[in-house]
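Overview (structure and organization)
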Amino acid sequence: MDDKLENINPKLFKKTAARPISEIDLDDSIEDIIDSREIFDLIRGLNDPEHPLTLEELHVVEEDNVEVSDVEGIVRVKFTPTIPHCSMATLIGLSIRVKLLRSLPPRFKISVEISPGTHATEHAINKQLADKERVAAALENANLLEVVNQCLANNG
Amino acid sequence: MNKNVHRMVALKEIEILTGHTGKVWCVAFSPDGLILASCGEDKTIRLWTKDSQSWTCKAILTEGHQRTVRSVAWSPCGRLLASASFDGTTCVWEKSGGSFECIATLEGHENEVKSATFSPSGQYLATCSRDKSVWVWEVSEDNEYECLSVLNAHSGDVKKVVWHPHVDVVASASYDNTAKLYKEEDDDWVSFATLQSHESSIWGLDFSPDGKNIVTCSEDKSIKIWREYLPGNKQNIPTKDGNPVWKCVCTIQGFTDRPIYDVAWSKLTNCIATAGGDNLIRILKEGDKSDEDSPSFEQVTSIKAHTEDVNCVTWSPKVPGFLASCSDDLTVKLWNFVE
């Protein structure tokens, strides 16, 4: 792998403020409905594989690009690679998927795709990320799993 | 295909088989219908049989594979079981006492083996892999498995291989959105037909009881029925090189927004069962006034079979309407479909 960073000068963005806590949140008897803010909170802190920055800071993930229906058990995340030829795109997509798989109840169907028009090979990458068999086999690869776990490390 | 056709049908859950500690990827009945094999992410193969009242786990085969076991299949004689694994190997197991022992480990594929299956004659074993190839092996008496042919017809991951029910022709389903058929010709194996119509990966396929039709299911959320047209056919469909051509004659779609992971065409009842990423098992049948060149298929019933994706469905070869399924929810389930 190249020693030089692919995207030497990524554009940085400010973090969103922490979510204000309401009375309903503190009431243990009410089951939390998973909404797009909650999904965003799960993935915003994921580390970018190349830079010491989070996916939120790089605007790779945004709350507006998260769709959730708790009642239907569906989550759709669209992520935006920092540059159109980003070779880390599949790895980033995989990390998002793994974070959600590990955090959400198993009833949720998860879809992770590249924001349309933001990557040169988005169709091919989306197809790989959607293929549950390929994803399962990839995660049995110790080296790849290690890299993914690094993206998820430190509350990622 | 929103409503079920009005018939007296029922799909009833008979039993839930627990024990696997990871996703269960595949289930297969032995030819006599008495043993159900299951396999999965926990790297094991479990064999289930029915005692007086219920199905229980008779044996767990643990020493064969280092990674997920993706599929299992029986030889027509019922003495052998083939298992395909993400570890790149295919194991052949032979009945030995009350269990099975691994008598051969077939290597050669460059990465995950997705499917392995015996021909109806019992003479051949076909395997397929993410390395895009289909291998045809010769099954010999002394447990020496020789690779006869490496077929590189697909341009993507090959997910499943299934033999024709009567003749030694094998079909493959691929990530490249097509299915292909292969036969032996002049001492070698060749691809002679391509089934092209799906818009995404084909996960499963099966032949009709007479072998003249194929059903495919796909990541594109549709099911397609294909028909064989032989050279000189009366519908004037052009053929080439003396080979039959397979055309898509029916597409069933719009009934689900999730991929369909497996499909099985019962050789006893002619019913089609599907395994869905929407957690459902659906049963389809050909309509009454169906035209063979433009058949209509209808869903006669469906059921929320599991709490997660259904990965595989398979019909018992001996008991009409008896069906097994398996899922990411770690369970195997047995069903009775009654018309």
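What you are looking at is a predicted structure, and each value in this text was computed from that prediction instead of being measured.

The next thing to look at is the interface of chain A and chain B. Buried accessible area, meaning the area lost when the parts come together, often serves as the stated size of an interface. The interface is formed by 14 residues belonging to chain A together with 27 residues belonging to chain B. Summed over both sides, the interface of chain A with chain B buries roughly 1700 Å², with 46% coming from carbon and sulfur. The three residues of chain A that bury the most area against chain B are Lys109, Lys132 and Glu133 of chain A, which together make up 41% of that side's buried surface. At the junction of chain A with chain B, the criterion picks out nine salt bridges.

Residue and element names in this part refer to chain B. Under the defined criterion, the tally for this structure stands at 13 aromatic pairs over all chains. Summarising the aromatic geometry, the rings of tryptophan 203 and tyrosine 261 are spaced 5.1 Å apart at their centres and angled 75° between planes, so their arrangement reads as edge-to-face. Here tyrosine 261 lies in strand 22 (residues 260-265) and tryptophan 203 lies in strand 18 (residues 202-207), a separation of 58 residues in the sequence. An aromatic cluster of three or more residues is present, and its members are Phe29, Trp55 and Phe322. Positioned above the aromatic ring of phenylalanine 192 is the side chain of lysine 183, whose terminal nitrogen or guanidinium carbon lies 5.3 Å from the ring centre.

Residue and element names in this part refer to chain B. Along the chain, the position of serine 38 falls in strand 3 (residues 35-40). Remark: the alpha-carbon pair of serine 38 and cysteine 77, spanning 39 residues in sequence, is separated by 19 Å. In this structure, serine 38 is in contact with His20, Val24, Cys26, Val27, Thr44, Ile45, Arg46, Trp48 and Val332, ignoring residues within four places of it in sequence. Separated by 2.7 Å, the side chains of serine 38 and histidine 20 make a polar contact. Separated by 2.9 Å, the side chains of serine 38 and tryptophan 48 make a polar contact.

We now examine the nonpolar core. Among the nonpolar cores identified, the biggest contains 35 residues, and Ile39, Ile43, Phe79, Ile96, Leu100 and Leu104 of chain A are the most heavily contacted of them. Breaking this core down by element, the ones donating at least two residues are helix 2 (36-43), strand 2 (74-79), helix 3 (89-103), strand 3 (109-114), helix 4 (122-130) and helix 6 (142-152) of chain A. For this core, the element with the most residues is helix 3 of chain A, which contributes seven residues. Within the second largest apolar cluster, 29 residues are counted, among which are Leu17, Trp93, Cys312 and Val332 of chain B.

To continue, consider the pairing of strand 6 (residues 69-74) of chain B. If a strand is regular, its side chains alternate between the two faces of the sheet. Residues and elements named next belong to chain B. Within strand 6, six of the six residues are buried, which leaves it mostly tucked inside the rest of the structure. As paired strands, strand 6 and strand 7 (residues 80-85) are joined by five bridges and run antiparallel to one another. Bridge pairing in strand 7 places serine 71 opposite alanine 84.

Further remarks concern the packing of helix 2 of chain A against helix 3 of chain A. Residue and element names in this part refer to chain A. Two elements in contact, helix 2 and helix 3, have axes whose closest approach is 10 Å; the angle formed by their N-to-C orientations is 115°. Between helix 2 and helix 3 the crossing geometry is right-handed. Each of Ile39, Leu42 and Ile43 in helix 2 lies in contact with helix 3, whose residues at this interface are Ile96, Lys99, Leu100 and Ser103. Looking at side-chain class alone, the contact of helix 2 with helix 3 contains five nonpolar, one polar and one charged residues.

This part takes up the UniProt feature "domain: MIP18 family-like" (unreviewed entry) in chain A. Those places that UniProt annotates as "domain: MIP18 family-like" (unreviewed entry) correspond, in this numbering, to residues 38-113 of chain A. Secondary structure within residues 38-113 of chain A divides into 28% helix and 20% strand; the distance between the first and last C-alpha atoms comes to 18 Å.

Turning to the confidence of the model for chain B, a few remarks are in order. The share of residues in chain B with pLDDT of 70 or more is 98%, and the mean pLDDT across the chain is 96. Confidence estimates for the predicted assembly give a pTM of 0.93 and an ipTM of 0.95.

Moving on: the pairing of strand 23 (residues 272-276) of chain B. All names here are of chain B. By the criterion of burial, strand 23 is predominantly enclosed, with five of the five residues buried. Pairing of strand 22 with strand 23, which is carried by five bridges, proceeds in the antiparallel orientation. Directly across from isoleucine 260, in strand 23, lies its bridge partner glycine 276. Examined bridge by bridge, strand 23 and strand 24 (residues 280-286) share four bridges and lie antiparallel to one another. Bridge pairing links threonine 274 to arginine 282 in strand 24. Between strand 23 and strand 24, which pair antiparallel one after the other, the connecting turn spans three residues, and asparagine 279 there sits at a positive phi close to 75°.

Turning to the environment of leucine 36 of chain B, a few remarks are in order. With respect to the element layout, leucine 36 of chain B can be found in strand 3. Separated by 259 residues in the primary sequence, leucine 36 of chain B and proline 295 of chain B have C-alpha atoms spaced 33 Å apart.

Okay, unusual backbone geometry next. All names here are of chain B. Backbone geometry places aspartate 241, a non-glycine residue, at a positive phi of 55°. For aspartate 241, the location among the structural elements is in the loop between strand 20 (223-229) and strand 21 (245-252). Residue aspartate 241 is classed as exposed on the basis of its relative accessible area of 66%. Here the phi dihedral of leucine 330 falls at roughly 80°; this positive angle occurs in a residue that is not glycine. Mapped onto the elements of the fold, leucine 330 is located in the loop between strand 27 (322-327) and strand 28 (332-338). On the basis of relative accessibility, which here comes to 36%, the residue leucine 330 falls in the partly exposed class.

Reading the values: rules and limits
Residues numbered from 1 in each chain as written. Chains lettered and ligands numbered in written order. Predicted model: local features only at pLDDT ≥ 70, side-chain atom pairs only at ≥ 80, totals over all residues. Heavy atoms only, no water. Contact = heavy atoms within 4.5 Å. Buried area = accessible area lost by both parts, 1.4 Å probe. Salt bridge = Lys/Arg side-chain N within 4 Å of Asp/Glu carboxyl O. Phe/Tyr/Trp six-rings, centres within 6.5 Å; stacked < 30°, edge-to-face > 60°. Helix = DSSP H or I, 4+ residues; strand = E, 2+ residues; numbered from the N terminus. Lys NZ or Arg CZ within 6 Å of the ring centre and 35° of its normal. Polar contact = N/O pair within 3.5 Å; in protein donor to acceptor, adjacent residues only side chain to side chain. Core = buried A, V, L, I, M, F, W, Y, C linked by side-chain atoms within 4.5 Å. Buried < 20%, exposed > 50% of the residue type's maximum accessible area, 1.4 Å probe, protein only. Pairing = 2+ DSSP bridges. Axes fitted to C-alpha atoms, helices over the stretch in contact; angles between N-to-C directions. Left-handed = near helix turned anticlockwise from the far one by under 90°. Nonpolar A, V, L, I, M, F, W, Y, C, P; charged D, E, K, R; others polar. UniProt positions renumbered as here; feature names shortened; annotations may be inferred. pLDDT = per-residue confidence, 0-100.

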